[in-house]
Amino acid sequence: VSYAWNAYKGLTDLYFFASKNAPAVTTVQDKKSSTYVIGTRSQASLNDHLSLSGEGAYQFGDYRNNATSATSGHAHLRAWAAEAGANYKFLNKLNSQLGLKYAYLSGDSSGKGYNKWDPMFENQTFGHIANALFAQTNMHVIKIAGNLTPLDDISLDANYSWYILDETYDNNDQVILNGLFGGRQYNMSDDGFLGQELDVNLTYDYTEDVQFGLLGGLFIPGDAFASGENGTIGNTKTAK
């Protein structure tokens, strides 16, 4: 549900999403596992240069933590996410823009229930390599983004992202980071710095219907990965 403001070219959305049943990795029929999301997002342009946005969402439902039982092994899901951003247009010949974004995705704690954000069917990413290594959950993210168009048909984007764990792990914990189910397992430390990434994307509009793109990225793992993971992620702790 959307509402357009009369002032500041504002727009406010209220949304609800639902996902039922566990994925195929489980070995039994599961009718209890579910994720429900309710959230709101607003954006506004304060002037021709500066625009602001903010979003918050709450998840609830039942999370399966047992792969072999259809009647037990569930925890109540209570998770949170928030995002705030600002974008500045320079209104010059290069149509250059500079943006800053902060995102929070809750992690699981030792309290009651299950508090880790379920990324569900995400349609955005803060870093292409990071998104392949671990899911968008249990983290704070700071992203700086720049964009310009040096030619009419060519645009250049650069994005820098910084990742910090919301809930840290214990030394030598073996953790699956690729979403709530499945993925590769890593040895972790008790440090909260997950890593940083720089992406540069060049896009060429060949015609109105055809685009060509060239993407380059560099991810530098942080100290949240145990030193023994150097060979897993890269001999120099750098994944390209």
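A short tour of the structure in this document, coming up.

1. Topic: the overall build of the protein
At step 1: For the protein, the count of helices and strands is 2 helices and 12 strands.
At step 2: Reading the protein from its N terminus to its C terminus gives the helix and strand order β-β-β-β-β-β-α-β-β-β-β-β-β-α.
At step 3: Considering the protein as a whole, with its 240 residues, one finds that 34% of them fall into the buried category.
At step 4: For the protein, the proportion of contacts with a sequence separation of at least 24, taken over those separated by at least 6, is 54%.
At step 5: Total accessible area on the protein is roughly 13,900 Å²; 54% of this is exposed by carbon and sulfur atoms.

2. Brief notes about a nonpolar patch on the surface
At step 1: On the surface, a cluster of nonpolar side chains totalling about 780 Å² of accessible area is made up of Tyr88, Phe90, Leu98, Leu100, Tyr102, Ile142, Ile144, Trp162 and Ile164.
At step 2: For the nonpolar patch, the leading source of residues is strand E6 (residues 97–105), giving 3 residues.
At step 3: Tracing the backbone through its elements, the reader meets Trp162 in strand E8 (residues 154–165).

3. Notes on the pairing of E6
Regular strands show a simple pattern: their side chains alternate between the two faces of the sheet.
At step 1: One ladder, built from 9 bridges, connects strand E5 (residues 74–89) with E6; its direction is antiparallel. Looking at the pairing, Asn87 lines up with Gly99 of E6.
At step 2: As paired elements, E6 and strand E7 (residues 139–151) share 9 bridges and run antiparallel to each other. Among the inter-strand pairings, Ala103 is bridged to a residue of E7, identified as Val141.

4. Section: the pairing of strand E3 (residues 34–45)
At step 1: The pairing of strand E2 (residues 11–20) with E3 spans 10 bridges and is classified as antiparallel. Within E3, the residue paired with Leu14 across the bridge is Thr40.
At step 2: Pairing between E3 and strand E4 (residues 50–64): 12 bridges, direction antiparallel. From the neighbouring strand, Thr40 faces E4, where its bridge partner is Gly56.
At step 3: In this antiparallel pair of consecutive strands, E3 and E4, the connection spans 4 residues.

5. Considerations on the packing of aromatic side chains
At step 1: One pass over the structure, following the stated rule, counts 14 aromatic pairs.
At step 2: Ring geometry for Trp162 versus Phe193: centroids 4.5 Å apart, planes at 25°, classification stacked. Of this pair, Trp162 sits in strand E8 while Phe193 sits in strand E11 (residues 193–205), placing them 31 residues apart in sequence.
At step 3: The partly exposed category is assigned to Trp162, whose relative accessible area is 30%.
At step 4: The structure contains a cluster of three or more aromatic residues connected by ring pairs, namely Phe16, Tyr36, Tyr58, Phe60 and Trp80.

6. Focus: the sheet that holds E4
At step 1: Across the sheet, which stays open at both edges, the 10 strands sit in the order E1-E2-E3-E4-E5-E6-E7-E8-E11-E12 with antiparallel pairing between neighbours. Either end of the sheet is taken by a strand with one partner, and the two such strands are strand E1 (2–4) and strand E12 (211–221). Sheet twist, expressed as the mean angle between neighbouring strand axes with direction ignored, is 10°.

Cut-offs applied
Residues numbered from 1 in each chain as written. Predicted model: local features only at pLDDT ≥ 70, side-chain atom pairs only at ≥ 80, totals over all residues. Heavy atoms only, no water. Helix = DSSP H or I, 4+ residues; strand = E, 2+ residues; numbered from the N terminus. Buried < 20%, exposed > 50% of the residue type's maximum accessible area, 1.4 Å probe, protein only. Contact = heavy atoms within 4.5 Å. Areas by Shrake-Rupley, 256 points an atom, 1.4 Å probe, with all protein chains shown as cover. Patch = residues over 30% accessible without salt bridge, like charges linked within 9 Å, V, L, I, M, F, W, Y side chains within 5 Å. Salt bridge = Lys/Arg side-chain N within 4 Å of Asp/Glu carboxyl O. Pairing = 2+ DSSP bridges. Phe/Tyr/Trp six-rings, centres within 6.5 Å; stacked < 30°, edge-to-face > 60°. Axes fitted to C-alpha atoms, helices over the stretch in contact; angles between N-to-C directions.

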